[in-house]
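What follows is the residue order along each chain.
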Amino acid sequence: YDDSAYWALWRNASEIGAQDFEFDYINSAYDVASHVTAIKTACTEYPQVSAVIVTNPFDKGSGYEAVDDAINDCLNFRPSLPFVTANTDNYHNARVVSFSGSSNDALGRSCAYAMFTRNLAMVQGTEALEVDAA
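The notes below deal with the structure included here.

Parameters and conventions
- Residues numbered from 1 in each chain as written.
- Predicted model: local features only at pLDDT ≥ 70, side-chain atom pairs only at ≥ 80, totals over all residues.
- Heavy atoms only, no water.
- Helix = DSSP H or I, 4+ residues; strand = E, 2+ residues; numbered from the N terminus.
- Buried < 20%, exposed > 50% of the residue type's maximum accessible area, 1.4 Å probe, protein only.
- Areas by Shrake-Rupley, 256 points an atom, 1.4 Å probe, with all protein chains shown as cover.
- Salt bridge = Lys/Arg side-chain N within 4 Å of Asp/Glu carboxyl O.
- Pairing = 2+ DSSP bridges.
- Axes fitted to C-alpha atoms, helices over the stretch in contact; angles between N-to-C directions.
- Expected span 1.5 Å × (residues − 1).
- Arc of directions from axis to C-beta.
- Contact = heavy atoms within 4.5 Å.

Quick word on the overall build of the chain
Argument step 1. Within the chain one finds 5 helices and 3 strands.
Argument step 2. Here the chain holds 134 residues, and the buried ones make up 28% of them.
Argument step 3. Here the chain displays about 8900 Å² of accessible surface, and carbon together with sulfur accounts for 54% of that area.

In C-alpha cells form, the structure reads like this:
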C-alpha cells in the first residue's frame, strides 16, 4: 500500500474479488525494474500461477518496452498463461487476453463535453453521453 491511496483501493478490491482463490498482490511502486522482476518471478518461479493481472503505467521510452518485453518473454515461456491488463489503457499487446479498467480517452472526452454542454442530465451521468470520436 506504500505508493498511494488509489492502489490501496485496488489491492483491497482485488483481495475481495479473489477471496476464493490464492492471490498475491505485488506493489512495484512505479519502479520499472521491480515491475519487470514481479512479472518474471510469477512466470518462471511459480508454476502454480494460473493467470497474471498486470498494469503497464509507463510511457513509451520510460519503461513501457521493458514491461512489454517481460510479458512477451513470459508468454513465450508459458504460452497458455492468461494475462489481463488492468487500469492503464495506454498499453496494447495482442497476446493479452483482455483489459479491465476505464478508458482515459473516453473519460477525457466526457469531461470536455461536460464543460461545454448545458445538458445537466449528461453531466450527471443520468443520460447517455454520445460523443463523436471524429
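Examining the pattern of salt bridges
Argument step 1. Scanning the entire structure with this criterion turns up 1 salt bridge.
Argument step 2. A salt bridge links Arg11 to Glu15; the nearest nitrogen and oxygen atoms lie 3.1 Å apart. On the criterion of helical spacing, the pair formed by Arg11 and Glu15 is a turn pair, its members being 4 residues apart in helix α1 (residues 5-17).
Argument step 3. Judged by its relative accessible area of 31%, Glu15 falls in the partly exposed class.

Topic: unusual backbone geometry
With the exception of glycine, most residues fall at negative phi, and the peptide bonds are largely trans.
Argument step 1. Non-glycine residue Ala29 carries a positive phi angle of around 50°.
Argument step 2. Considering the arrangement of structural elements, one finds Ala29 in the loop between α1 and α2 (32-44).
Argument step 3. We classify Ala29 as partly exposed; its relative accessible area is 45%.
Argument step 4. In this model, Tyr30 sits at a positive phi of 60°, which is unusual for a non-glycine residue.
Argument step 5. Positionally, Tyr30 belongs in the loop between α1 and α2.
Argument step 6. Here Tyr30 falls in the partly exposed class, since its relative accessible area comes to 44%.

Structural notes on the environment of Thr41
Argument step 1. Take Thr41: it is sitting in helix α2.
Argument step 2. Along the primary structure Thr41 and Cys74 are separated by 33 residues, whereas in three dimensions their C-alpha atoms are 9.5 Å apart.

Examining the sheet that holds strand β2 (residues 83-86)
Argument step 1. Strands sit in the order β1-β2-β3 across an open sheet of 3 strands; the sheet is parallel. If you trace the sheet from one side to the other, it starts and ends with β1 (52-54) and β3 (98-100), each paired once. For this sheet the average axis-to-axis angle between neighbouring strands, irrespective of direction, equals 30°.
Argument step 2. Sheet topology note: the β1/β2 ladder contains 3 bridges and is parallel. The partner of Val54 across the bridge, within β2, is Thr85.

Here's the deal with α2
Argument step 1. Between its terminal C-alpha atoms α2 stretches 18 Å, which fits the 18 Å expected from 13 residues at 1.5 Å a residue.
Argument step 2. All buried positions along α2 are accounted for by His35, Val36, Ala38, Ile39, Ala42 and Cys43. Within α2, the buried residues cover an arc of 155° as seen down the axis, which keeps them to one side.
Argument step 3. Against β1, α3 (64-77) and β2 lie the buried residues of α2.

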